[in-house]
Amino acid sequence: MKCAFLSDIHANAQALQACLAHARAQGAERFVILGDLVGYGANPGEVVDQVMELAAQGAVVIRGNHDDMAVHPQPNDLTLGASTALWTHQQLSAHQRAFLAALPMQVQEHKTLFVHASAEWPERWRYIDRPELAQACLEAAAALQADRVFVGHVHHQSVYYRGAGQQLMSFKPTPGAPMPMPSHRQWVFTVGSVGQPRDGDPRAMYALLDDAAQRLTFQRVPYAHAEAAAAIRQAGLPEYCARRLEN
């Protein structure tokens, strides 16, 4: 079975639709959504509805920090991350907010762990953006008998692994190139952001696992990012939310 891992959609309906279509064309039969369905983007209700439909079909959906902020916005929070939380809260129905509030912090299937941020204290929303933080994530996963962790949150695609020795290795994967996943290694995969890449490339990100072949392919997908940016501006959201989609 092929499984697609999507994270950090950030209310970007155009990017979500493009990634779902691409994944299905690649043979994806299952989906895991690693959090941050909303925040920053102009279409939170549409995105939540789409993810709720995926969940009804068997998708795993994890809670992200922006999902939390949309359910319980803090009016006095002046951080960039919270800047669209109140607007998002107002766009969502009570049913949609209840769906976000009920999402789990992490889900484990056999030796695989799904979590938005680090498996070390998921509720603290720690970024995994360097080897020592991936090491802490792996140690927390190992305590749960898990040896591979799929993560979002950082908006970049990276691989961290431990081989025969104890030193953790890392590299940036090549989009479209299948990567073998030997079972004797321990892994942390950050799958990137569907709706708000931050590496200067506007293409959406996700990862596709071929479980039978034990290969993971990191994907980049073109989509109508100018249309998504225009929707943000039309909604009256902060300009930087639109600019992030354009470069």
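Presented here is a report on the structure given in the accompanying data block. (Residues numbered from 1 in each chain as written. Predicted model: local features only at pLDDT ≥ 70, side-chain atom pairs only at ≥ 80, totals over all residues. Heavy atoms only, no water.)

It is worth spelling out the nonpolar core at this point. Ranked by internal contacts, the top residues of the largest apolar core, which has 46 residues, are Leu-6, Phe-31, Leu-37, Phe-99 and Leu-100. The contact partners of Phe-31, leaving out residues within four places of it in the chain, are Cys-3, Ala-4, Leu-6, Leu-20, Ala-23, Arg-24, Leu-54, Ala-59 and Val-60. Of all hydrophobic cores here, the second largest spans 19 residues; its members include Val-32, Phe-114, Val-191 and Leu-209. (Core = buried A, V, L, I, M, F, W, Y, C linked by side-chain atoms within 4.5 Å. Buried < 20%, exposed > 50% of the residue type's maximum accessible area, 1.4 Å probe, protein only. Contact = heavy atoms within 4.5 Å.)

Let's shift gears to the side chain of Gln-96. Looking at the element boundaries, Gln-96 is found in helix H5 (residues 94–101). Take Gln-96: its relative accessible area is 8%, and that puts it in the buried class. Polar contacts involving the side chain of Gln-96 include one to the side chain of Asp-49, which spans 3.0 Å. In contact with Gln-96, not counting residues within four places along its chain, are Gly-45, Val-48, Asp-49, Met-52 and Gln-91. (Helix = DSSP H or I, 4+ residues; strand = E, 2+ residues; numbered from the N terminus. Polar contact = N/O pair within 3.5 Å; in protein donor to acceptor, adjacent residues only side chain to side chain.)

Applying the stated criterion across every chain yields a total of 8 aromatic pairs. Relative to Phe-114, the ring of Phe-5 lies with its centre 5.7 Å away and its plane at 55°, an arrangement referred to as tilted. Placement of Phe-5 in strand S1 (residues 2–6) and of Phe-114 in strand S5 (residues 112–115) is noted, with a sequence separation of 109 residues between them. For the pair Phe-114 and Phe-150, a centre-to-centre distance of 6.3 Å together with 55° between the ring planes defines the contact as tilted. Within this pair, whereas Phe-114 is found in strand S5, its partner Phe-150 is found in strand S6 (residues 148–151), the two being separated by 36 residues in sequence. Accessibility classification places Phe-114 together with Phe-150 in one group, the buried group. Clustering of aromatic rings is evident, with ring pairs tying together Phe-5, Phe-114, Phe-150, Tyr-161, Phe-171, Trp-187 and Phe-189. The ring of Trp-121 has Arg-124 sitting right over it, with the charged end atom 4.0 Å from the ring centre. A cation over a ring is seen here: Arg-244 above Tyr-40, with NZ or CZ 5.3 Å from the ring centre. (Phe/Tyr/Trp six-rings, centres within 6.5 Å; stacked < 30°, edge-to-face > 60°. Lys NZ or Arg CZ within 6 Å of the ring centre and 35° of its normal.)

The next subject is the pairing of strand S2 (residues 30–33). Two faces make up the sheet, and in a regular strand the side chains alternate between them. For S1 and S2, the ladder comprises 4 bridges, and the chain directions are parallel. Bridge pairing links Ala-4 to Phe-31 in S2. Crossover connection from S1 via helix H1 (residues 13–25) to parallel S2: handedness right-handed. The β-α-β motif built from S2, the intervening helix H2 (residues 44–56) and the parallel element strand S3 (residues 60–61) has right-handed crossover chirality. (Pairing = 2+ DSSP bridges. Right-handed = clockwise from strand over helix to strand, strands pointing away.)

In short, the description is geometric, and any link to function would need to be established separately.
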